[in-house]
Amino acid sequence: TQLLEQSPQFLSIQEGENLTVYCNSSSVFSSLQWYRQEPGEGPVLLVTVVTGGEVKKLKRLTFQFGDARKDSSLHITAAQPGDTGLYLCAGYHGQNFVFGPGTRLSVLP
Amino acid sequence: EAGVAQSPRYKIIEKRQSVAFWCNPISGHATLYWYQQILGQGPKLLIQFQNNGVVDDSQLPKDRFSAERLKGVDSTLKIQPAKLEDSAVYLCASSLEGRTGKIFGSGTQLSVL
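All of these numbers come straight from a predicted model, not from anything done at the bench.

Some thoughts on the overall build of chain A
Summing up its helical and strand segments, chain A has 0 helices and 11 strands in all. A compact globule built from 109 residues should have a C-alpha radius of gyration of about 13 Å, and chain A, at 13 Å, falls within 12% of that. By principal-axis analysis of the C-alpha atoms, chain A measures approximately 40 × 25 × 20 Å. Pairs at least 24 apart in sequence give 54% of the contacts found in chain A among residues at least 6 apart. Of the roughly 5,300 Å² of accessible surface on chain A, a fraction of 51% belongs to carbon and sulfur atoms. Distance from the positive charge centre (8 side chains) to the negative charge centre (9 side chains) of chain A: 5 Å.

Here's what the structure looks like:
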């Protein structure tokens, strides 16, 4: 059983569309991080959210941490082919840092 | 700033053989991690070092996996003997301290035949 669930597992969209991916847990996390991983590379940290209800924006990416700190979402506006990759959420549950299984996003030109 | 260096990038071995991976973290980063990422899954922590001491190795299969970080800088991860289910990408990461963002290397893709 995964401590962090991510949905959808796969997403294929056209350039210019908007999308939202989700990270959910039944447990409370003290913080959550989002990473993007491109094929053949390691994950790259995008953002860390710490406070329940927190919203952070990074250009066309908007990250939200749930009020109860059990879930998070990543919204991408006007997706571009360069956004293609595996989006991973990860967080501290107690002393353990765990990753979700990821959402594989493909943005077609 | 140089990133986390890993070698080799790819390795193909037969089951029951041995293999070793090397990682050089970012200069000054005290914490070093080894992760295993099986295809279609998120990375799973194998071992975490703080300087040259082990902080967490609870998910390291110690009957076949070993890791060391001599002098608190670079690190090696060894598998002996390898099994088919060890086929995965092995990622090394480092951070300034335990709870800050991790910087990952490009990984070593291991195929066990």
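Moving on from the model shown.
As for the interface of chain B and chain A
Each partner contributes to the interface: chain B provides 17 residues, whereas chain A provides 19 residues. Summing both sides of the interface, chain B and chain A together bury roughly 1,300 Å²; the carbon and sulfur share of this comes to 44%. Our count for the contact surface shared by chain B and chain A stands at 0 salt bridges. At the junction of chain B with chain A, the criterion picks out 5 residue pairs in polar contact (both at pLDDT 80 or more). Considered class by class, the residues forming the side of chain B that touches chain A number 4 nonpolar, 9 polar and 4 charged.

Side note on the environment of A:Gly91
Residues and elements named next belong to chain A. Its location among the elements puts Gly 91 in strand β9 (residues 85-93). When the C-alpha atoms of Gly 91 and Thr 48 are compared, they prove to be 9.0 Å apart, with 43 residues separating the residues in sequence. With sequence-adjacent residues up to four places away left out, Gly 91 is seen in contact with Leu 4, Phe 29, Ser 31, Leu 32, Asn 96, Phe 97 and Val 98.

A closer look at the pattern of salt bridges
Residues and elements named next belong to chain B. The tally for this structure, following the rule as stated, stands at 4 salt bridges over all chains. A salt bridge links Asp 57 to Lys 62, with the shortest nitrogen-to-oxygen separation between them at 3.8 Å. Put simply, Asp 86 and Arg 64 hold a salt bridge, and the shortest N to O gap is 2.5 Å. Here Arg 64 lies in the loop between β6 (53-56) and β7 (65-68) and Asp 86 lies in the loop between β8 (75-79) and β9 (88-95), a separation of 22 residues in the sequence. Of the two residues, Asp 86 and Arg 64, neither departs from the other in class, the shared state being buried.

Description of the state of the cysteines
Enumeration according to the criterion identifies 2 disulfides over all chains in this entry. What pairs with A:Cys23 in a disulfide is A:Cys89, and their sulfur atoms sit 2.0 Å apart. Here the S-S torsion is close to 75°, and the disulfide linking A:Cys23 with A:Cys89 is therefore right-handed. With A:Cys23 in strand β3 (residues 19-24) and A:Cys89 in strand β9, this pair connects stretches of sequence that are 66 residues apart. Judged by its relative accessible area of 0%, A:Cys23 falls in the buried class. Covalent S-S linkage joins B:Cys23 and B:Cys92, the inter-sulfur distance amounting to 1.9 Å.

Quick notes on the sheet that holds strand β3 (residues 19-24) of chain B
Residue and element names in this part refer to chain B. An order of β1-β3-β8-β7 is seen for the 4 strands of this open sheet, with the pairing classed as antiparallel. Two strands close off the open sheet at either side, each with one partner strand: β1 (5-7) and β7. With strand direction ignored, the average angle separating the axes of adjacent strands in the sheet is 15°. Sheet analysis places β7 next to β8, joined by 4 bridges and oriented antiparallel.

Observations concerning the packing of aromatic side chains
Residue and element names in this part refer to chain A. Taken as a whole and judged by the stated rule, the model has 11 aromatic pairs over all chains. Seen from their ring centres, Trp 34 and Phe 63 are 6.5 Å apart, and the 45° between their planes marks the pair as tilted. Here the residue Trp 34 occupies a position in strand β4 (residues 31-37), and Phe 63 occupies one in strand β7 (residues 61-65), the gap between them amounting to 29 residues. Taking relative accessible area as the criterion, Trp 34 reaches 0% and is therefore assigned buried.

So, how was this worked out
- Residues numbered from 1 in each chain as written.
- Chains lettered and ligands numbered in written order.
- Predicted model: local features only at pLDDT ≥ 70, side-chain atom pairs only at ≥ 80, totals over all residues.
- Heavy atoms only, no water.
- Helix = DSSP H or I, 4+ residues; strand = E, 2+ residues; numbered from the N terminus.
- Rg over C-alpha atoms; globule rule 2.2 N^0.38 Å.
- Contact = heavy atoms within 4.5 Å.
- Areas by Shrake-Rupley, 256 points an atom, 1.4 Å probe, with all protein chains shown as cover.
- Lys, Arg positive; Asp, Glu negative; His and termini not counted.
- Charge placed at Lys NZ, Arg CZ, Asp CG, Glu CD.
- Buried area = accessible area lost by both parts, 1.4 Å probe.
- Salt bridge = Lys/Arg side-chain N within 4 Å of Asp/Glu carboxyl O.
- Polar contact = N/O pair within 3.5 Å; in protein donor to acceptor, adjacent residues only side chain to side chain.
- Nonpolar A, V, L, I, M, F, W, Y, C, P; charged D, E, K, R; others polar.
- Buried < 20%, exposed > 50% of the residue type's maximum accessible area, 1.4 Å probe, protein only.
- Disulfide = S-S within 2.5 Å.
- Pairing = 2+ DSSP bridges.
- Axes fitted to C-alpha atoms, helices over the stretch in contact; angles between N-to-C directions.
- Phe/Tyr/Trp six-rings, centres within 6.5 Å; stacked < 30°, edge-to-face > 60°.

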